[in-house]
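Secondary and tertiary structure notes
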Amino acid sequence: MKLNLKHTFIQELPADPISENTRRQVKEACFSYVTPKKTNAPKMLHVSKDMAKALGLSEADVSSDTFTKVFTGNEVLPHTKPYAMCYGGHQFGNWAGQLGDGRAINLFEVEHNKKQWTVQLKGAGETPYSRTADGLAVLRSSIREYLCSEAMFHLGVPTTRALSLALSGDEVLRDMLYDGNSAYEKGAIVSRISPSFLRFGSFEIFAARQDHKTLKQLVDYTIQQHFTHLGTPSKEVYIKFFAEVSQRTLEMIIHWQRVGFVHGVMNTDNMSILGLTIDYGPYGWLEGFDFGWTPNTTDKQHKRYRYGNQPNIGLWNLYQLANALYPLIEDVEALEAILESYKTDFEKNSLVMMKTKLGLELNDDKDHMLVQALEDALLLTETDMTLFFRLLGRFKKGDAKRGLDIVKEAFYIPNEVSDTIAQQWRDWFERYDFRLDKELLSNIERQSKMNTVNPKYVLRNYMAQLAIDDANKGNYNLIEELFQLLKKPYDEQPDYERWFAKRPDWARHKVGCSMLSCSS
Ligand code: AMP
Ligand code: MG
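Residues numbered from 1 in each chain as written. Chains lettered and ligands numbered in written order. Predicted model: local features only at pLDDT ≥ 70, side-chain atom pairs only at ≥ 80, totals over all residues. Heavy atoms only, no water.

The residue Ser32 is located in strand β2 (residues 31-33) in this model. Among the polar contacts made by the side chain of Ser32, one reaches the side chain of Asp16 at a distance of 2.9 Å. (Helix = DSSP H or I, 4+ residues; strand = E, 2+ residues; numbered from the N terminus. Polar contact = N/O pair within 3.5 Å; in protein donor to acceptor, adjacent residues only side chain to side chain.)

Take a look at the structure:
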């Protein structure tokens with residue numbers, strides 16, 4: 001296996017001098033060296049060929065024994081030194097102190113085709129940051145992370161990627177619902193790929209410890225490696241850096257809102273400094289359009305991370321990052337101006353995004369009201385978000401009277417569409433039809449544009465669960481089927497039409513489909 005290996009992170013940043021793998025507070029260091037755990041019977045289940053190619057791996061490499069060993073942590077490539085990163089974070093609104101890679105181990109960096117990647121294993125054993133947990137991951141959460149990271153990439157949502165999914169051959173004890181019923185599950189390891197796995201929390205930890213020296217080293221490193229276009233680090237450049245992180249975070253969240261993705265655990269340790277979706281845990285996809293929905297049962301009470309609150313939480317998290325960077329910037333006004341513009345930009349960009357979902361290219365003063373009226377209507381009765389917007393593409397000018405008929409498949413309980421609700425919809429379709437008169441595109445052109453932003457296929461919660469149920473019985477075919485399906489989420493794929501459907505009724509309250517805990 002010939003990879004163009006790099007080691008910038010460990011070469012340029014301070015290492016934890018202690019080499020024992022004991023759980024502890026790690027001070028004045030960005031990472032600790034650690035060796036992945038040997039596993040009982042490693043077995044590769046799936047590999048993302050696109051990702052392998054992007055790293056410069058050949059097909060022969062991917063099918064080799066070495067590949068399985070390296071990407072399950074059973075062999076460490078010569079001249080590489082795996083490490084776990086130190087970070088902190090705000091969890092559910094409270095400072096949680098040191099967290100760190102408790103079950104993630106970075107293997108090495110790769111440069112290929114002028115792109116820089118860090119390769120990381122998730123579930124490969126304990127690290128100094130494992131706190132009270134075991135450093136392992138189970139098959140169900142690994143399937144969810146593996147499939148969703150690649151699906152998000154193909155949806156055009158900024159995200160970390162995944163290279164491989166493997167069984168460790170070990171059993172892992174988990175209390176899936178946190179209700180005292182622990183059981184053994186199959187252990188698994190995902191290799192995740194990203195230009196960097198640095199998080200907001202990576203910076204917060206040093207600010208919290210008033211270790212401004214390491215903080216500066218880390219910020220300078222991040223700018224020099226990942227924000228080179230900003231120039232040589234200085235106070236001005238730190239401000240620009242924060243502005244760009246803010247902008248990227250905003251863009252990422254707008255994409256989430258567009259496709260109906262709910263992250264579920266937007267703690268600051270799960271916010272990538274590159275504005276990538278990271279740490280796929282109890283995430284979910286909106287089925288019925290609902291601003292109040294979260295899949296995460298751990299967050300059931302306050303619903304802090306519900307769909308409609310993601311934009312606000314992005315801002316809240318950016319405030320924490322601003323606080324962490326403050327010692328290097330010492331300019332409250334500059335930071336506040338950036339946070340203020342997040343709010344206004346969000347509103348603007350959000351409207352632009354919603355208009356693309358409606359196929360509206362030109363401007364009208366009342367567009368925000370049209371969008372608002374649509375959201376009100378979508379909330380009247382459970383209406384499938386993905387189906388609705390995809391079907392709306394079939395609407396033609398002059399179709400106002402047929403509107404309801406065109407989208408009817410999107411309603412979960414057709415009986416609930418009462419006369420009043422139907423009337424509200426008819427009113428909306430009248431407005432939409434009237435507004436379309438202003439547009440220049442033909443019906444066909446508009447539909448094909450809408451189909452590039454309104455996916456036909458997303459990884460519905462129950463679909464992932466079906467793949468998990470099969471995999472737990474040793475059948476991995478559905479992982480491959482969903483993987484292929486989700487590579488082209490905007491295309492019509494007649495062979496896969498069965499996945500263009502509402503969530504089946506059996507999945508409404510099923511664990512794993514509508515309810516997920518952080519247990520993974
Ligand atoms: P999360 O909310 O899943 O992003 O995890 C929060 C923190 O808990 C991170 O520091 C993780 O590394 C750590 N963590 C989660 N699960 C485990 C595990 N099974 N073993 C060790 N650390 C874990
Ligand atoms: Mg995390």
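There's plenty left to go through after this.
Let us now look at the site of ligand 1. Close to ligand 1 lie 17 residues; Gly100, Gly102, Arg131, Gly135 and Asn270 are nearest. At a separation of 3.3 Å, a nitrogen atom of ligand 1 approaches a polar backbone atom of Leu136. One of the side-chain nitrogen or oxygen atoms of Asp279 is found 3.3 Å away from an oxygen atom of ligand 1. In terms of residue class, the shell around ligand 1 is built from four nonpolar, six polar and seven charged. For the shell around ligand 1, the domains that each give at least three residues are domain 1 (5-197) and domain 2 (201-356). (Near = heavy atom within 4 Å. Nonpolar A, V, L, I, M, F, W, Y, C, P; charged D, E, K, R; others polar. Domains from an automatic or database assignment.)

A separate point is the coordination of the magnesium ion (ligand 2). Protein-derived ligands of the magnesium ion (ligand 2) are Asn270 (OD1) and Asp279 (OD), with the metal-ligand distances lying across 2.0 to 2.2 Å. Take Asn270 and Asp279: they sit in the same class, and that class is buried. (Donors = N, O, S within 2.8 Å, 3.2 Å for Na, K, Ca; no water. Buried < 20%, exposed > 50% of the residue type's maximum accessible area, 1.4 Å probe, protein only.)

Direction vectors running N to C along helix α5 (residues 139-155) and helix α17 (residues 477-485) enclose 20°, while the axes themselves pass 9 Å from each other. When the axis of α5 is compared with that of α17, the two are roughly parallel. Considering only the axes of α5 and α17, their crossing is right-handed. Contacts between α5 and α17 pair Ile143, Tyr146, Leu147 and Glu150 from the former with Ile479, Leu482 and Phe483 from the latter. The residue inventory of the contact of α5 with α17, partitioned by class, reads six nonpolar, no polar and one charged. (Axes fitted to C-alpha atoms, helices over the stretch in contact; angles between N-to-C directions. Parallel < 35°, antiparallel > 145°, perpendicular 65-115°, else oblique. Left-handed = near helix turned anticlockwise from the far one by under 90°. Contact = heavy atoms within 4.5 Å.)

Another point: the packing of helix α9 (residues 310-329) against helix α10 (residues 332-358). In contact at an axis separation of 10 Å, α9 and α10 are set at 165° when each is read in the N-to-C sense. Taken together, the axes of α9 and α10 lie roughly antiparallel to each other. Here α9 runs over α10; the crossing is right-handed. Facing Pro311, Gly314, Leu315, Leu318, Tyr319, Ala322, Tyr326 and Ile329 of α9, the residues of α10 in contact are Val332, Leu335, Leu339, Tyr342, Lys343 and Phe346.

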